[in-house]
Amino acid sequence: MGGGVDLSVVVPAYNEEGRLRPTLDAICAYLRAEPERFGSWELIVVDDGSTDSTAKVAQEAAADEPRIQLISDAANRGKGHALRRGVLASYGRRVLFTDADLATPIEELARLDERLSATGSDAAIGSRAHPESRIEVHQRRTREWLGRMGNRLIRAVAVSGLHDTQCGFKLFDGDKARAAFADSRLDGWGIDVEILRFFRREGWPVTEVPVRWSHVTGSKVRPADYGKVLLELLRLRARAVRRVDLAVTALFLLASVVLYKGLWADLDHAYLRDAGQDQNQWEWFFAVTADNVAHLRNPLFTTLQGNPDGVNLMANTVMLGLSVPLAPLTLLLGPTVTWALVLTLGLTATATSWYWLIARRLVASRWAAALGGAVAAFAPPMISHGNAHPNFLVLFMIPLIVDRVMRLCEGGNVVRDGVLLGLFATYQIFLGEEPLLLAAVGLLLFVLSYALARRDAARAAWRPLLRGTGIALLVCLPLVAFPLGWQFFGPQSYKSVLHGDNAGNSPLAFLQFSGRSLMGSDAGADPLAMNRTEQNAFYGWPLIALATAIVIRLWRLALVKALAFTALAAALLSLGPKVRIPYTDIVLTGPWRGLAHQPLFESVIESRVAMICAPVLGILLALTADRLAAPRARPMRVAGFAALAVALVPVVPTPYPVRERAEVPAFIAHGAYRRYLAEGESLVTVPLPNPGSAEALHWQSATGLGFRVAGGYFNGPWGPDRIGIYGATPRHTSNLLNDVRSTGRVPVIGPNWQAQARQDLAAWHGGVVVLAPQYNEQPLYDAVTKLLGRPGERVAGVWVWDVGAERAPGRPQG
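Residue numbering note: each chain is counted from 1, following its sequence as written. Totals for whole chains, interfaces and linings use all residues, but because this is a predicted model, local features are given only for residues with pLDDT of at least 70 and pairs of side-chain atoms are given and counted only at 80 or more. The side-chain quantities take in all heavy atoms of the structure and omit both hydrogens and water.

Caption draft 1: Structural view of the overall build of the protein chain. Looking only at helices and strands, one finds 32 helices and 22 strands in the protein chain. Expressed as lengths along the three principal axes of its C-alpha atoms, the size of the protein chain is roughly 115 × 70 × 45 Å. Only protein chains enter the area calculation, which uses a 1.4 Å probe; residues under 20% of their type maximum are buried, those over 50% are exposed, and those in between are partly exposed. Across the 814 residues of the protein chain, 53% fall into the buried class. Working rule for contacts: check all heavy atoms of both residues, and any pair within 4.5 Å makes them a contact. Sequence separation of 24 or more characterises 77% of the internal contacts of the protein chain that already satisfy a separation of 6 or more. Throughout, the Shrake-Rupley method with a 1.4 Å probe supplies accessible areas, and for residues the shown protein chains are the sole cover considered. On the protein chain, roughly 35600 Å² of surface is accessible, and the fraction owed to carbon and sulfur atoms is 60%. Under this rule, positive means Lys or Arg and negative means Asp or Glu; His and the chain ends count for nothing. Where a charge sits is defined by one atom per residue type, namely NZ (Lys), CZ (Arg), CG (Asp) or CD (Glu). Where the 81 positive side-chain charges of the protein chain centre and where its 70 negative ones centre are 4 Å apart. In this description a helix means any DSSP run of H or I spanning at least four residues, a strand means any run of E spanning at least two, and both kinds are numbered starting from the N terminus.

Caption draft 2: Summary view of the packing of helix α16 (residues 366–378) against helix α25 (residues 613–629). A fitted line through C-alpha atoms represents every axis, and for helices the fit uses only the stretch in contact; the resulting angles, taken between N-to-C directions, go from 0 to 180 degrees. Axis separation between α16 and α25 bottoms out at 7 Å; the angle between their running directions is 160°. Considering the angle they form, α16 stands roughly antiparallel to α25. Here α16 and α25 pass one another in a crossing that is right-handed. Contacts from Ala368, Leu371, Gly372, Val375 and Ala376 in α16 reach Ala614, Pro615, Leu617, Gly618, Leu621, Ala622, Ala625 and Asp626 in α25. Three classes are used: nonpolar for Ala, Val, Leu, Ile, Met, Phe, Trp, Tyr, Cys and Pro, charged for Asp, Glu, Lys and Arg, and polar for all others, with Gly counted as polar. Of the residues assigned to the contact of α16 with α25, the class counts are ten nonpolar, two polar and one charged. Geometric relationships in this document are graded by angle, where less than 35 degrees denotes roughly parallel, more than 145 denotes roughly antiparallel, 65 to 115 denotes roughly perpendicular, and other angles denote oblique. By definition, any crossing whose near helix is turned counterclockwise from its far helix by less than a right angle is left-handed, and any crossing with a clockwise turn is right-handed.

Caption draft 3: Region of interest: the nonpolar core. Residues Tyr260, Leu263, Leu272, Trp284, Phe378, Tyr539 and Leu620 are the most contacted members of the largest nonpolar core, which totals 131 residues. One finds Tyr30, Val57, Ile68 and Cys167 within the second-largest nonpolar core, a separate group that totals 34 residues. In this description, a nonpolar core means a group of buried Ala, Val, Leu, Ile, Met, Phe, Trp, Tyr and Cys residues linked to one another through side-chain atoms lying within 4.5 Å.

Caption draft 4: Highlighting the sheet that holds strand β22 (residues 798–802). One open sheet holds the five strands; their spatial order is β17-β16-β20-β22-β21, and the pairing between them is mixed. Whereas interior strands pair on both sides, the edge strands pair on one side only; in this sheet they are β17 (708–709) and β21 (793–795). Strand direction decides the pairing type here: strand β20 (residues 766–771) and β22, joined by four bridges, are antiparallel. Bridged to Val769 within β22 is Trp801. Contacting β20, β21 and β22, helix α31 (residues 777–788) crosses the sheet at an angle of about 10° to β22. For two strands to count as paired, DSSP must find a minimum of two bridges between them.

Caption draft 5: Just helix α26 (residues 634–648), in detail. Counted at 1.5 Å a residue, the expected span for α26 with its 15 residues is 21 Å, and the 21 Å between its end C-alpha atoms agrees. Within α26 the residues assigned to the buried category are Gly640, Leu644, Ala647 and Leu648. The buried side chains of α26 occupy one side of the element, clustering within an arc of 85° when seen end-on. Seen from the open side of α26, the exposed residues pointing more than 90 degrees away from its buried face are Pro635, Val638 and Val646. Packing partners of the buried residues in α26 comprise α16, α23 (541–553) and α25. A helix is expected to reach a length of 1.5 Å times the quantity of its residues less one. This arc is built from the directions going out from the helix axis to the C-beta atoms.

Caption draft 6: Quick peek at the packing of helix α24 (residues 558–573) against α25. Interaxial distance between α24 and α25 falls to 9 Å at its minimum, and their mutual angle equals 150°. Viewed along their axes, α24 and α25 adopt a mutual orientation that is roughly antiparallel. In this structure, α24 crosses over α25, and the sense of that crossing is left-handed. Note on element contacts: α25 touches α24 through Cys613, Val616, Ile619, Leu620 and Leu623, opposite Leu559, Val560, Leu563, Thr566, Ala567, Ala570 and Ala571. Here the contact of α24 with α25 is composed, by residue class, of eleven nonpolar, one polar and no charged.

Caption draft 7: Structural view of the sheet that holds strand β2 (residues 41–48). Spatial ordering of the open sheet is given by β3-β2-β1-β4-β7-β5-β8, a layout of seven strands whose pairing is mixed. This sheet does not close on itself; its edge strands, each paired only once, are β3 (68–73) and β8 (206–210). Looking at each pair of strands side by side, their axes are set apart by 20° on average, direction ignored. Judged from the five bridges that link them, strand β4 (residues 92–98) and strand β7 (residues 169–173) form a sheet pairing that is antiparallel. Within β7, the position partnered with Val95 by the bridge is Phe172. Across the face of the sheet, helix α3 (residues 54–64) comes into contact with β1 (5–13), β2 and β3 while running at roughly 160° to β3. Of the strands in this sheet, β1, β2, β3 and β4 are in contact with helix α4 (residues 79–88), which crosses β2 at around 145°.

Caption draft 8: Region of interest: the environment of Gln281. Its place among the elements puts Gln281 in helix α12 (residues 278–294). If near-sequence neighbours (up to four positions away) are discounted, Gln281 is found in contact with Leu697, Tyr713 and Phe714. Among the polar contacts listed, one links the side chain of Gln281 to the backbone oxygen of Tyr713, at a separation of 3.1 Å. Throughout this description, a polar contact denotes any pair of N or O atoms lying within 3.5 Å of each other; where both atoms belong to protein, one of them has to be capable of donating a hydrogen while the other can accept it, and for residues adjacent in sequence the pair is counted only when both atoms sit in side chains.

Caption draft 9: Quick peek at the side chain of Asp403. Tracing the sequence through the fold places Asp403 in helix α18 (residues 397–410). Its relative accessible area of 1% is what places Asp403 among the buried residues. Those residues within four positions of Asp403 in sequence are excluded, and the remaining contacts are Trp356, Leu357, Arg360 and Arg361.

Caption draft 10: Structural view of the environment of Arg659. By the secondary structure assignment, Arg659 is in strand β15 (residues 658–660). Taking C-alpha positions, Arg659 is 32 Å from Leu438, a pair spaced 221 residues apart along the chain. Ignoring anything within four residues of it in the chain, the contact list for Arg659 reads His269, Ala270, Tyr271, Arg273, Gly276 and Glu695.

Caption draft 11: Molecular detail of the pattern of salt bridges. Put simply, a salt bridge is a Lys or Arg side-chain nitrogen that is within 4 Å of an Asp or Glu carboxyl oxygen. Under the defined criterion, the tally for this structure stands at 40 salt bridges. For Arg32, the salt bridge goes to Glu65, with nearest N and O atoms at 3.0 Å. Of this pair, Arg32 sits in helix α1 (residues 20–33) while Glu65 sits in the loop between α3 and β3; the two residues are 33 residues apart in sequence, bridging distant segments of the chain. With relative accessibility at 42%, the residue Arg32 sits in the partly exposed group. Linking Asp417 and Arg404 is a salt bridge whose minimum nitrogen-to-oxygen distance equals 2.7 Å.

Caption draft 12: The arrangement of helix α19 (residues 414–429) in detail. For α19, built from 16 residues, the straight-helix expectation of 22 Å at 1.5 Å per residue is met to within 8% by its first-to-last C-alpha distance of 22 Å. For α19, the set of buried residues is Val414, Asp417, Gly418, Leu421, Gly422, Phe424, Ala425, Thr426, Gln428 and Ile429. Contact partners of the buried residues in α19: α18, α20 (433–453) and α21 (455–489).

Caption draft 13: Quick peek at a positive patch on the surface. Together, Arg553, Arg556, Arg627 and Arg632 line one region of the surface with positive charge. Here Arg556 lies in the loop between α23 and α24. To count toward a patch, a residue needs a relative accessible area above 30% and no salt bridge. Like charges then connect within 9 Å, nonpolar side chains (Val, Leu, Ile, Met, Phe, Trp, Tyr) within 5 Å.

Interpretation note: all reported values are geometric properties and have no functional meaning in isolation.
Below is the structure:
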């Protein structure tokens, strides 16, 4: 409590013998001159381990004025430590702290005192950034620039809304100041931010007040101190993290590790069983990006696959937002480590991000938010994509984008939020464009439905939202113009991707359990999905039933109405352009038909739109758990949590199964291929790598990308209309080898086939044909022998035909 003192003035001092006495005299004279205004007072000088006569000067002043107290430290600990000692030793009803140089004159105390009384605030802080402030003596330009940058950084990461946190002239409610300093831990210049964050967290109002300020020579702040403030801010942010947040994140990480334990147990030989050829492809993506970065090559293109035409990497979702920054890790430990790390940490980060959004915006209980985050990130469709598609698993930016859109609707700092939204969208484009498109669809559905339910909120929000979105586009479009131009118009670009007629969900897919769910099976899920990486619904009937009950129970809430409409609309769109009514021959036109051939949407696998339902279900369950956790919900608590368990246990994901990965042939692993390949030539595998068999990509990524391959597994153009297909443009010889591989039968091969093979090898720039041990190896050997008119040579465990020598006389023979 105040103890009868109306005002305490705290002055931290370090090596201030030259100017401390005039400062103390000025403060005392001012306070003595207005005894009725400021009442009883005390002046506390904290000597922060000075090596000069600062303590002696303070003692001499105290001999003349008994209301001056001196606190001395044996060693220099920093401004924060000195202020903490001084404030905790104070008794004032109000506490002012000011720098020893009085850069802000003590007369400005009257202005702070008036503002504190008039506004009912708990703190009034001097602000040099206020439009009405007077800067009478400026600092050097470099120091001013550093100060402005520092304040912007502080606003961004620590105390938003305050324009000058570092001015050394602040007046506080005394008891609240002592509580804040007792909780503080920083000893350096970041103490101002820590105290203001404490006031903000406690809901104690802080007002900025314009002041007069003059730069005084001999400042103790050095350019390097701005770096120290940044480090202290990082400490401050780390300290602000709640233990429950760390616990929830740790649980998400543990769950992710358990799911991928088979992969982590043997990174050299384990291959995700249901990944198809996608693990080979993604490891190749990480490897080729790292190689391009290391050699300062264009990260948007390569001829390592599909030689000589190459691959448009920007059109193949190589996740440059992760593959580029993780390039050093890939180069050091290999692409399989990067692959496993991206899957595991990406799933953790996505769950944590949804948890943060739900806790910040929607519920009071952190554990209810954790449940919502877990459902949003570990839902069956997410786990399905976790087999092979990190671009649909690593979605931690989506909740941040949603939050920024919500901030725009609130109409705060529209310019700042618009800029950040543009930067967030830009980064998400380099993580995955299709997830961003689906997120935009989900947000549009939600915003429109919420606007119908809350027209008053819509009227207040549409202008800042529209303005902020425009700012976001102005920021985003210039940053992505070149990469997107390369993607859509560059070499090996394409117009759309053919997915076939079975890309929509069956209505039954929403009620069935996925193959990776605790109560599911592959036999039950496989007939309802394109493949095991595209089980894009499969929420299970208990969860759908519970969500329906929740919507009915909470229908009065506009949020729930909007969530229900969003989920229902997304589910309907995911059924595709044609919808077959289960157990009948009736086929109806689906709502997707209107989007199926529109730009951007024409390449979307429509069943993926059902992934929008995952965060919707997570939020609905979080709202329910939050209500059940409230004290007034005790009578229904047991029944409510039992219903949650019944709905969620069946869809709990099980660990991803793995299989043994085939060894890289010694011909590749030991570099024997090098003597057969000249510059620009392709290694032609039998059959050529394709979406169904892409081991050659693993051979490349596991051995340093030392050779090019003809064919491959990527998205590229086909035909005069440049329609997107999976793999390189097929040729007669590649089709023939695929047929022999699948059937085991070798057709009659005569001069026409041999001429075609020579033509195709020339088109591929083939240098050597390689047949590795595999299923139907003998028929394949016979076919190649007939095509080339000579037997192969057995080299390092594979059959080899040196075809480059035929095109280049004088080239070394195998």
